[in-house]
Amino acid sequence: MIHRNNCVFPATFSFTLAAWLLLCTAALAAEPLVLHVAPNGDDTWSGRLAAPNPGRTDGPLASLAGARDAIRRLRAGHAAGPGPVTIRVRGGVYRLAAPFGLEPQDSGTAEAPVVFEAAGNKRPVLSGGRAIAGFRQNGPLWEVEIPQVKAGQWYFRQLFVNGQRRQLARSPNSGYHRIAALVPGPARPNTKAVAQDQFIFAPGDIKPWGRLGDAYIVLMHSWETSIHPIKSIAEGENTVHFTAPLKEWWSIGHWEASQRYYVENVRELLDQPGEWYLNRETGVLSYWPIPGEKLGETEVVAPVLTELVRFAGNADEGRFVRHITLRGLAFHHADWVLGPKGNSSTQAAVEVPAAVMADGTLNCAIERSEVAHIGGYGIWFRRGCKDGQIQQNRLFDLGAGGIRVGEAEMARTDVAETSRTLVDNNHIFDGGHVYAGAVGVWVAKSSHNRISHNDIHNLRYTGISVGWNWGLDANRTHHNLIEFNHVHNLGQGVLSDAGLIYCLGVSPGSIIRNNVFHDMWPYSQPALGWGIYLDAQCGQYLVEDNLVYNTLSGGLMFNNGGHAHTIRNNIFALSANHALWPYSEKRPSTFRRNIVYLTQGALLIPYGEKSLNESLAAKESPGDWDENLFWHTDGPEQLRFYGRSFAEWEAIGLDRNSRIADPQFMDPAAHDFRLKPSSPALQLGFQPFAISGIGLYGDPAWVAESRHADCPPRPLPLPPAPPKPMAIDDDFEKTAAGMPPAHATVSGEKEGASIRVSEDRAAAGRRSLKITDSESLQPSWEPHFYYQPRFTSGTIQQSFDVWLSPSARFFTEWRDDAATYPQNVGSTVRFDGNGNVTAGGNVLTQVPAEVWVHVQIEATLGQNAPRTFKLTITTTGAAAKTFADLSIPGAGFRELHWLGFSSTAAADTTFYLDNMSITGRF
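Model, not experiment: these values are computed from the prediction.

K.L.:
Just give me the short version of the overall build of the protein chain, but keep the residues and values in it.
P.N.:
Along the backbone of the protein chain there are seven helices and 75 strands. Over its C-alpha trace the protein chain gives a radius of gyration of 33 Å, about what one expects of a compact globule, namely 29 Å for 922 residues. By principal-axis analysis of the C-alpha atoms, the protein chain measures approximately 125 × 70 × 50 Å. Of all 922 residues assigned to the protein chain, the portion counted as buried reaches 57%. Counting only contacts in the protein chain whose residues sit at least 6 apart along the sequence, the fraction spanning at least 24 positions is 75%. Per element, the accessible surface of the protein chain, about 37,100 Å² overall, is 51% carbon and sulfur. The distance from the centre of the 80 positive side-chain charges to the centre of the 91 negative ones in the protein chain is 4 Å.

Shown next, in the form of structure tokens:
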């Protein structure tokens, strides 16, 4: 044999010199290329050596960018062939001056991938931050002047001390302030009743602090937050003004007038250990150390970059980054940006970018890595990314959420859609520090993805969000598989209307199976948080073999049209208020072989009865419910199927082969939901499923992270007490002109219509409630407003004064909430500008227009109360007219839970109400 370098030939082989060179070149080109990166390296070296040589003339490279550039040079000079390329990065901290970028020219192939990986057991840290030193003691504070900040070259909004996030100076130090009062919006058509760029604060909560322009307010909405730089303060009026109004989606005071908020980034609020403040003008960073931190022995890091890694392909142009893997690396310290108009996302912090961004990638992966101490999301495979892998990564201390796949806007072409992404075996926790509405895993307008074996916890909103599609139209979110995930301990009393998994849109071929979802504890206004939340027109999901327990609102929610879900072989247990929220189905769903187990609360949310009755009245199928097992530990009589008994439920064709019986769990109080051999669920065909393989898998140290010492079990809160009756006595004098009525819910303020307190006229005093209708407004019963008196018994009296324009038309109506419309309707009285007063289709009397008329309505509530009401009309200067024994039309009306006024004029017109009163005698 003849050996020449790595080429081996038989001794008898005859070849030309050219042939020999060609074969040797091919053999050399196929060899793997290995480059090394180390903290003591130099980007002018070759990178072929793992450590510097004795003369320090060659050795490892100093950065990932240096290694990338070395590969580019080798390829350009044909010194690197098509073989695999591995860049081994030694442990240590690598400070990034710019995001590490990977472009199509850096790609590998399936046979020869490019891998940037940790060398050895110590994880390399790619930091977008800068260590800050030189602090001096100033009373309780450490302070240092940073020249780059003073010169306007650097500003940061986060600080990390000894690897932990520190709190920017804020007020209050914990919890929230409350808006004291709302400010009327501009008196223009199609504007909101409440100003969206200001509010009134309680005295002392906000002050004319120095450098007020750096301060901002964080408003807490139902399922989101918005961040507002302060423009000015009118101290005498206790009014704070933002630099820009909220986006259209949100309204100040929408869910509660005394909305929560807090203030950050004010030097005067630096008042306790762990807080800090950066003066943009002087460049001075002030930090109040926590006990045990020592000057000169503490690492302080502030972020310089907002993005750490970018896969910079372009799918629309056909330029892809291919076959590159990041493995075993840590990406730390990325900031967040607040623009001059602030931030106001619709949901899930959707505008917020990630520390690791990817566009136009094929077969790229991020594995066994870590993303932490950042201001936004962790990893985002955004546009035109195919066959990506995000696997066995740890993401924590997140300003927003964990992993994003796809885009909020649907791609117009297949090539631009992100799809076939594997999000597997990741540990995502401790998020929402800046954007509380962010989620653990977000998939939007993207198909054929697999979300599996992830452990997601300690976030302030939702765990997994899939869809982002309103309506019933076909979309790109389909054939997604969500399985073997452990999602738990979310909400944390911060935000509401959340799900351990939340889905939106029609999604054929999508499956939610073999997951464990537990402990969803949202904020109280509105108090909504579910296990599996299939929102709005969500449809065509297969939901099977899931365990859901310890939720506030229920284990399952699907509402508002759509559907055609198949929900089978799940366990829904231990919900606080309701077990299931099924209603408003346009396409009936299948609900079979499920176990529903309650220790408190109700089985079904009552609002679903309306859609059920509508389906029955139209002789449509209400759904396929059968072979289910229901149980309430306080007894079978506690189970009501909307307003029906189980026998009545069976009589309409639902659950005819289901049972009410104890499922015989091993130990439900300890959350052991294994079935005993004698369980009646087994007789109904329930198939037990194991949960031992759910969540993280792999080496023992990795799996040990799922022990969750920081997630202790939480007992169910007590069910909410029945709401107390609410009397109304409002002459509108205490409500500012231009504001909506107090204690009422207003709807339909568009097309020039409005319902606002006015000083145009009043029956007494200075103000009344002005209802303005519009000829173009639809539906015909808008605008309207209503109160929720919640009277269940006694004699109830409603009274008010009304002033009618000639073309005005409205009705006032009482309703129950235990039945559906119109069965739930109590007294109804109609008025029109011609003077007609009508009840039960009969004109009772006439009243003059453009004068004040006093109206009084009285009825008795209760199961055995008379089915009549009394009406009294009094016109100024005339005797009162009383009409007794007027018929209550709704057979299901027994209690007063809704009392409303609806304008039904098909014209541009107004009427006024004053001296509103709703009282009861018991």
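K.L.:
Quick rundown of the sheet that holds strand S65 (residues 784-787)? Include the residues and the values.
P.N.:
Pairing within the open sheet is antiparallel, and its seven strands lie in the order S62-S65-S74-S67-S68-S69-S70. At either margin of the open sheet sits one strand with a lone partner, and together these are strand S62 (745-747) and strand S70 (842-846). Each neighbouring strand pair of the sheet contributes to a mean axis angle of 20 degrees, computed without reference to strand direction. Pairing of strand S67 (residues 809-815) with strand S68 (residues 825-832), which is carried by six bridges, proceeds in the antiparallel orientation. Its bridge partner lying in S68, Arg809 is registered against Asp832.

K.L.:
Explain the sheet that holds strand S10 (residues 136-138) residue by residue, including any values.
P.N.:
Read across the open sheet, the eight strands follow the order S9-S23-S12-S13-S21-S22-S11-S10; overall the sheet is mixed. Two strands close off the open sheet at either side, each with one partner strand: strand S9 (129-131) and S10. Averaged over all adjacent pairs, the angle separating strand axes in this sheet is 35 degrees, with direction ignored. Direction of pairing for strand S21 (residues 275-278) relative to strand S22 (residues 284-287): antiparallel, over a ladder of three bridges. What sits directly across from Tyr277, in S22, is Ser286.

K.L.:
Describe the pairing of S70, and please don't skip the residues or the numbers.
P.N.:
Taken together, the four bridges between strand S69 (residues 836-839) and S70 define a ladder with antiparallel strand orientation. Residue pairing for S70: Asn836 is matched across the bridge by Gln846.

K.L.:
Which residues make up unusual backbone geometry, and what are the values?
P.N.:
Negative phi characterises most residues that are not glycine, and trans characterises most peptide bonds. Cis geometry marks the peptide bond from Gln525 to Pro526, where omega comes out at -10 degrees. Looking at where Pro526 falls in the secondary structure, it is placed in the loop between strand S46 (516-520) and strand S47 (529-544). Between Glu782 and Pro783 the backbone carries a cis peptide bond, its omega angle lying at 0 degrees. Among the secondary structure elements, Pro783 is positioned in the loop between strand S64 (768-773) and S65. With a phi close to 55 degrees, Glu751 is a non-glycine residue in the positive phi region. Counting through the fold element by element, Glu751 comes out in the loop between S62 and strand S63 (754-758). Here the phi dihedral of Glu850 falls at roughly 60 degrees; this positive angle occurs in a residue that is not glycine. Note that Glu850 resides in the loop between S70 and strand S71 (852-861). When its relative accessible area of 45% is taken as the criterion, Glu850 is described as partly exposed.

K.L.:
So what about empty space enclosed by the protein? Which residues, and what values?
P.N.:
Rolled over the atoms, a probe sized like a water molecule indicates the empty space that remains. What the rule picks out here adds up to four cavities of 30 Å³ or more. Of the pockets and cavities examined, the second largest cavity occupies roughly 70 Å³. Together, Met220, His221, Ser222, Ser251, His254, Trp255, Glu256, Gln259, Arg260, Tyr523 and Gln525 line the second largest cavity. Its residues assigned to classes, the lining of the second largest cavity shows three nonpolar, six polar and two charged.

What counts and what doesn't
- Residues numbered from 1 in each chain as written.
- Predicted model: local features only at pLDDT ≥ 70, side-chain atom pairs only at ≥ 80, totals over all residues.
- Heavy atoms only, no water.
- Helix = DSSP H or I, 4+ residues; strand = E, 2+ residues; numbered from the N terminus.
- Rg over C-alpha atoms; globule rule 2.2 N^0.38 Å.
- Buried < 20%, exposed > 50% of the residue type's maximum accessible area, 1.4 Å probe, protein only.
- Contact = heavy atoms within 4.5 Å.
- Areas by Shrake-Rupley, 256 points an atom, 1.4 Å probe, with all protein chains shown as cover.
- Lys, Arg positive; Asp, Glu negative; His and termini not counted.
- Charge placed at Lys NZ, Arg CZ, Asp CG, Glu CD.
- Pairing = 2+ DSSP bridges.
- Axes fitted to C-alpha atoms, helices over the stretch in contact; angles between N-to-C directions.
- 1 Å grid on protein atoms, 1.4 Å probe; cavity = no way out; pocket = protein on both sides within 12 Å on 5 of 7 lines; lining within 4 Å.
- Points joined across faces, edges and corners; volume = space filled by probe spheres on them.
- Nonpolar A, V, L, I, M, F, W, Y, C, P; charged D, E, K, R; others polar.

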